[in-house]
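Overview (structure and organization)
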There are 6 protein chains.
Amino acid sequence: MNVLAICAHPDDAEIWCGGTLAKYAKRGDKVTIAVVTNGEVGSPSLPKEEIAEIRRLEAIAAAEVIGAELIWLGFRDEFLFDTEETRLSIIEAMRASKAEVVLTHWPDDLYNPDHTITGQVSNDVAIMTTVPNIVTSSPPLAKIPIVYFIESVAGLGFQPEEYVDITDTFELKQSMLAKHESQVGDWLKDQYGSNAMEMIEVIARFRGIQSGVRYAEGFIRAKAYPRNITGSLLP
Amino acid sequence: MNVLAICAHPDDAEIWCGGTLAKYAKRGDKVTIAVVTNGEVGSPSLPKEEIAEIRRLEAIAAAEVIGAELIWLGFRDEFLFDTEETRLSIIEAMRASKAEVVLTHWPDDLYNPDHTITGQVSNDVAIMTTVPNIVTSSPPLAKIPIVYFIESVAGLGFQPEEYVDITDTFELKQSMLAKHESQVGDWLKDQYGSNAMEMIEVIARFRGIQSGVRYAEGFIRAKAYPRNITGSLLP
Amino acid sequence: MNVLAICAHPDDAEIWCGGTLAKYAKRGDKVTIAVVTNGEVGSPSLPKEEIAEIRRLEAIAAAEVIGAELIWLGFRDEFLFDTEETRLSIIEAMRASKAEVVLTHWPDDLYNPDHTITGQVSNDVAIMTTVPNIVTSSPPLAKIPIVYFIESVAGLGFQPEEYVDITDTFELKQSMLAKHESQVGDWLKDQYGSNAMEMIEVIARFRGIQSGVRYAEGFIRAKAYPRNITGSLLP
Amino acid sequence: MNVLAICAHPDDAEIWCGGTLAKYAKRGDKVTIAVVTNGEVGSPSLPKEEIAEIRRLEAIAAAEVIGAELIWLGFRDEFLFDTEETRLSIIEAMRASKAEVVLTHWPDDLYNPDHTITGQVSNDVAIMTTVPNIVTSSPPLAKIPIVYFIESVAGLGFQPEEYVDITDTFELKQSMLAKHESQVGDWLKDQYGSNAMEMIEVIARFRGIQSGVRYAEGFIRAKAYPRNITGSLLP
Amino acid sequence: MNVLAICAHPDDAEIWCGGTLAKYAKRGDKVTIAVVTNGEVGSPSLPKEEIAEIRRLEAIAAAEVIGAELIWLGFRDEFLFDTEETRLSIIEAMRASKAEVVLTHWPDDLYNPDHTITGQVSNDVAIMTTVPNIVTSSPPLAKIPIVYFIESVAGLGFQPEEYVDITDTFELKQSMLAKHESQVGDWLKDQYGSNAMEMIEVIARFRGIQSGVRYAEGFIRAKAYPRNITGSLLP
Amino acid sequence: MNVLAICAHPDDAEIWCGGTLAKYAKRGDKVTIAVVTNGEVGSPSLPKEEIAEIRRLEAIAAAEVIGAELIWLGFRDEFLFDTEETRLSIIEAMRASKAEVVLTHWPDDLYNPDHTITGQVSNDVAIMTTVPNIVTSSPPLAKIPIVYFIESVAGLGFQPEEYVDITDTFELKQSMLAKHESQVGDWLKDQYGSNAMEMIEVIARFRGIQSGVRYAEGFIRAKAYPRNITGSLLP
């Protein structure tokens, strides 16, 4: 199966669904991570282009931990909008990766517009991926991909409908995140008092307690027509 | 009374509120159907302009079944956005039809952005229709129209607050939809495995079972200030 | 049409749906008010039996303002439970009044268990009123009555789905409530800082502002099978 | 795996989750159906004991269609309450059937208190089934069973979180329901205008349209501690 | 503490959170009011520029009642969109006022897009105010401001999570609103049948009844990462 | 101020609001913990009376850590119901402790009926505590206490509306819980795979991440009439 995570910034996929992506990869699915914005505001001191390039390389390295491919859409960090270009870029990412399952942000999160717009547009365009009259570089998909929303940042306002046991891949998730050296160091601690490495442990453990396992990640499936949403496509 | 259905694509009004429109028409209300996009992606083989023109004629024919008028806004299929042009076009549709009641898409549907943006903008601009300082071809309305949301595609996530008994007009609804020959044939079955003629029977019957009649359609009224939302303006 | 309000305490029907009941009565419907508990805790000084009898007479006088009948179920104030006796008493009230429409408390209110249990049980037993094998003094109804929930006390957590314009009957509502002399005087002001006469003015005006008229009352219909819930049975 | 459906009346399990039970059975799981009340009001003319016995035999026959066992709890129809006896009976049903998965009514349905109390208590006692200090005929379970709520009657207010494709077992579902001869004949048509055989077709088809298959049934998992709710236990 | 109200039109802050702003001011906090659009459609007869200028002066006068400062963003009334310019303007308003608390519109209101977009964008950009790589005239904030949503117009669909007792500042609120002479006169009565001075009395009294005081205003805090949302920053 | 936690079992208060209780106590408020059931099923081997007595002593010891008083209501573990006796016992607990604030379980939790009934009844009877005609050992309260719901077990389905920073009292919370030796040892690990000491760390840290502090606990205030719910009574 072909799995595509579409997230707003470099490191988002790792933080919010890295254990699930690793589990897909481990069982042989083809995993792709699309990063929508270039992360260029992610530094207190480096100029935009420089930090963006650093983060792109970190994202590639993180993807490599599980043998995933990276698609870099390169939109401007913090200034993503729902435009024709955004829609077509995300359609193309789905087509290029031949996505059958898409993991993306939950559109009701109040955290950051890059997240909500990524989630909203990714679900919005799923239905367009199979339409011949919408032309992008890759050919139309044969089937509309199934969309799962990953949890909101810090789980605020989010109650998972489905849980994935990531006990066996939690270390891989940690390794993936650790590749984002520019983000897991002092910058986010200074900026937000947040420590990403500890945060993923707490949240995975919290979702684990909720779902009766050691570590877990939570999801809500997008219930939209016309998609085959019986069964579960989570690993 | 003047009733305006504002829907995203040719055939949406017929599928989701055709029985109610027919009931309005049957009792003597003036019914108008506004189609926001041109439906140009709605074919596996025809070029955009050709299928758009075919669908416009089908929409006119469907409207004629109940003596309704058609307003064709002509926005690009699958690429509707909330812009000044979109807002003004919909305001003008409301003014031109002297709308007292508006039926439009439910903004929380996860199906397609043309639907959600049509529903969102239609409700958003209702309050602007009476404002003299917003100028369009037709003069301002005397009263803000009342907005009802029609159900989401396949009813996903939607619980009607009000039901209309369409037992007596269900056949008219079928006749309206049948005019959309380009859509009720093989194309959507191939594309989505969906058969629109059967779908409207199942959904009308399902809403009928829920509401204790043979066939029904479901709605949620937009509860927004300052509108007279006492009583019901549904037929 | 036969309308039955089933409320927890004497004065509840007047406060929360008195304007609507008056409107039903004014247009010729037969209105009955069932008071489930005896209101015996409703005094800072009088013994239980005495205040209960005073309140029963006040309830009769209030009902008479609009020509309504009173059914006094006499359950213990503040100690209502969902028991066989409670269910059968409410079934009998519906049958005796030949109820086609029932107005009762909203079961999700956090105010007082007499309210929530009255609302819950009244909706629960609606389906039993037509069943021959459930025997009470009056014969089974021919049709399951339609249930509307009146708003929570002070409207907390409650968003009406339907509004009734009570501008023309608001004075009747005031007259009805004024009959509850034991309650609209100092006792509730001392006990709760609440002034029922002012409260009904504020709330009716607030619901009026929301719905675009002078005075209004708000309702949510119980959407339950198998009932004909198309159209509206509100006046 | 051991699957237990706990429903309020004879025929409820068949109507609301019969296709899923048949699918479990077909793949080799052990299926048990527990009927909580005796269905004694389910006739316009027969005395209570007689119709109850008829329905018990029908329930056994329906269960036999898929090789399921029947547990008859025998509580009074329409007068189920949350009591110690109710809790212990349902615990014992779970223990006797060694339930690992429980399908039961959705507690927020407004249809009938037998349904809501069955659903509420079944979820409530799941945690007690493993407790040694709560003694019933059968020994404690080793693990708390996972609870799924089946949909409300007529789907009112219910949005499934998970769908099961029952295309291959829909005919078995029809055969199961057909065994309830006393209920699928004229009585419910006269009483409620409802035709159970048609209703299951409409609802299965409606859920099928929503989920992209021919026939489906919908569920919501009870998300409660401490249960392993990762993955899915639906067939 | 520095408090910033960001509202769509001149008079919105006064109507929906004026009592709370006055209470902040009274206890010594620094209050700023940012008006996002120019209110240019707010007259039945005056040309746009003229009424916009009148309203700007009214807004200044209203702010002065409580010693607050006014920031006039000057976007086009009824045509606000989520653009880079909108985001940067609101970021700059937060930075210029050194906002620690932001009061803004509730994004789920169905009243008017200027309101929902103001609320949405104000919450969206809160996280950007501290980012060095996002440059506006004023320097980045040291801490992400806490966002509270004020209630929807007429309270439709809104249930406050926190209430502020404004009994002592209700008169100040009235004085603030009275400065908007162009709006509290006949225009809105003719246009919408609404009387702003009476409306604030009814709504403050309604929220007061709900929360057990004479006059109150209601709020919902935006629960978003990474913000310190313990305790309460309401006065 | 007088604070009363009313929880279902010995150790519930410590686990779900111990940090907040410690914070109240630390600043000088009088804290009481009422334990509704006797915890008699809380052992794999001990007879009911013995384990109940052990747990009562543990509860006293835990309360003593913060100088709180313990009220032991002694209802049967796992068999709590909403009865007159339950209501009167909880009223008396509120009166005896002169409660101004009550912390109790969230009634929508799906975990265990002792929890939901404790939460439901505690909120239900708050309004009865001041009524002279409801007689218990202690005199009526002067004012209805304010009720806060503590979070569901494992936070399932629960989104806090208010957070309390318990960083400074988290160690006290740990000390309180550690007194429940019969529960924090092997029994619950064997029974449920749960380790209470670790769980409180994970959950407090998770709520801390959500709310921007080290450790936090989350609450939802019961919004019910007629109570003064302005401001916050949380520490």
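That block above? That's the structure.
Residues numbered from 1 in each chain as written. Chains lettered and ligands numbered in written order. Predicted model: local features only at pLDDT ≥ 70, side-chain atom pairs only at ≥ 80, totals over all residues. Heavy atoms only, no water.

Once that is clear, we can look at the overall build of chain A. Scanning chain A for helices and strands turns up eight helices and seven strands. With respect to the three principal axes, the spread of C-alpha positions in chain A is 50 × 45 × 30 Å. By residue count, 69% of the 235 residues in chain A fall in the buried class. Contacts spanning at least 24 positions in sequence make up 78% of the contacts within chain A whose residues lie at least 6 apart. When the accessible surface of chain A is totalled, it reaches about 7100 Å², and 49% of it is carbon and sulfur. (Helix = DSSP H or I, 4+ residues; strand = E, 2+ residues; numbered from the N terminus. Buried < 20%, exposed > 50% of the residue type's maximum accessible area, 1.4 Å probe, protein only. Contact = heavy atoms within 4.5 Å. Areas by Shrake-Rupley, 256 points an atom, 1.4 Å probe, with all protein chains shown as cover.)

Take the interface of chain A and chain D next. Counting residues at the interface gives 19 residues for chain A, matched by 19 residues for chain D. For the pair chain A and chain D, the two sides together bury roughly 1500 Å², of which 57% comes from carbon and sulfur. By the criterion of area lost to chain D, the three top residues of chain A are Glu-161, Tyr-163 and Thr-230 of chain A, representing 30% of everything that side buries. Connecting chain A to chain D are zero salt bridges. Our count for the chain A to chain D interface comes out at four residue pairs in polar contact (both at pLDDT 80 or more). Ranked by the residues each element gives to the side of chain A that touches chain D, the list is headed by strand 6 (residues 162-165) of chain A, at four residues. Residues belonging to the side of chain A that touches chain D are distributed by class as follows: seven nonpolar, seven polar and five charged. (Buried area = accessible area lost by both parts, 1.4 Å probe. Salt bridge = Lys/Arg side-chain N within 4 Å of Asp/Glu carboxyl O. Polar contact = N/O pair within 3.5 Å; in protein donor to acceptor, adjacent residues only side chain to side chain. Nonpolar A, V, L, I, M, F, W, Y, C, P; charged D, E, K, R; others polar.)

With that out of the way, let us pick up the relation of the copies chain A and chain D. With an RMSD of 0.0 Å, chain A superimposes on chain D once it is rotated by 180° and translated 0.0 Å along the axis. Both copies are brought into coincidence by an operation consistent with a two-fold rotation axis. Of the residues that chain A buries at the interface, 100% are likewise interface residues in chain D, meaning the two copies contact each other through the same surface. (Least-squares fit on C-alpha atoms with pLDDT ≥ 70 in both.)

Residues and elements named next belong to chain B. Ordered in space as 3-2-1-4-5-7-6, the seven strands form an open sheet in which the pairing is mixed. Across the chains shown, the open sheet's two edge strands, defined by having one partner strand only, are strand 3 (69-75) and strand 6 (162-165). Each neighbouring strand pair of the sheet contributes to a mean axis angle of 25°, computed without reference to strand direction. Packed on one face of the sheet, helix 8 (residues 196-211) meets strand 6 and strand 7 (216-221) and runs near 75° to strand 7. (Pairing = 2+ DSSP bridges. Axes fitted to C-alpha atoms, helices over the stretch in contact; angles between N-to-C directions.)

What follows is about the sheet that holds strand 7 (residues 216-221) of chain F. Within a sheet, neighbouring strands are paired by backbone hydrogen bonds and run either parallel or antiparallel to one another. Residue and element names in this part refer to chain F. Across the sheet, which stays open at both edges, the seven strands sit in the order 3-2-1-4-5-7-6 with mixed pairing between neighbours. With one partner strand each, in any of the chains shown, strand 3 (69-75) and strand 6 (162-165) form the two edges of the open sheet. For this sheet the average axis-to-axis angle between neighbouring strands, irrespective of direction, equals 25°. Its contacts with the sheet place helix 8 (residues 196-211) against strand 6 and strand 7, and it is angled at close to 75° to strand 7.

On to the relation of the copies chain A and chain E, then. Each of the two copies of the chain can be brought onto the other by a rotation about an axis and a shift along it. It takes a turn of 120° to lay chain A on chain E, together with a shift of 0.0 Å along the axis; the resulting RMSD is 0.0 Å. In symmetry terms, the pair is related by a three-fold rotation axis. Rotation axis and chain A: the residue whose C-alpha lies nearest the axis is Asp-82 of chain A, separated from it by 5.5 Å.

One finds no contact linking chain D with chain E; the least C-alpha distance across the pair is 18 Å. Between chain B and chain F there is no contact; the minimum C-alpha to C-alpha separation amounts to 18 Å.

Our focus in this paragraph is helix 5 (residues 170-178) of chain C. All names here are of chain C. Turning to helix 5, its buried residues are Phe-170, Lys-173, Met-176 and Leu-177. All buried residues of helix 5 lie within an arc of 115° about the axis, which places them on one face of the element. Its buried side turned inward, helix 5 meets helix 1 (12-26), strand 2 (30-37), helix 2 (48-65), helix 6 (181-184), helix 8 (196-211) and strand 7 (216-221). (Arc of directions from axis to C-beta.)

Here we come to the packing of helix 5 (residues 170-178) of chain D against helix 8 (residues 196-211) of chain D. Residue and element names in this part refer to chain D. At a minimum axis separation of 10 Å, helix 5 and helix 8 run at an interaxial angle of 155°. Classified by the angle their axes make, helix 5 and helix 8 are roughly antiparallel. For the pair helix 5 and helix 8, the sense of crossing is right-handed. On the side of helix 5, the interface is formed by Phe-170, Lys-173, Gln-174, Leu-177 and Ala-178, while helix 8 contributes Ala-196, Met-197, Ile-200, Glu-201 and Ala-204. Of the residues that constitute the contact of helix 5 with helix 8, the class distribution is seven nonpolar, one polar and two charged. (Parallel < 35°, antiparallel > 145°, perpendicular 65-115°, else oblique. Left-handed = near helix turned anticlockwise from the far one by under 90°.)

Looking now at the pattern of salt bridges. By the definition in use, this model includes 71 salt bridges over all chains. In this structure, Arg-27 of chain E engages Asp-29 of chain E in a salt bridge whose closest nitrogen and oxygen atoms are separated by 2.6 Å. One continuous salt-bridge network, built from bridges that share partners, spans Glu-198 of chain A together with Arg-205 and Arg-214 of chain F.

Next up on the list: the interface of chain A and chain E. How big an interface is tends to be stated in terms of accessible area lost as the parts join. Listed by partner, the interface residues are 24 residues for chain A and 22 residues for chain E. Both sides together, the interface formed by chain A and chain E hides about 2000 Å², and carbon and sulfur atoms give 61% of it. Note that Arg-76 of chain A and Glu-84 of chain E form a salt bridge whose closest N and O atoms lie 2.8 Å from each other. Viewed at the interface, chain E and chain A are joined by seven residue pairs in polar contact (both at pLDDT 80 or more). Breaking the side of chain A that touches chain E down by element, the ones donating at least two residues are helix 2 (48-65), helix 4 (113-126) and helix 7 (186-192) of chain A. Its residues placed into classes, the side of chain A that touches chain E shows 16 nonpolar, four polar and four charged.

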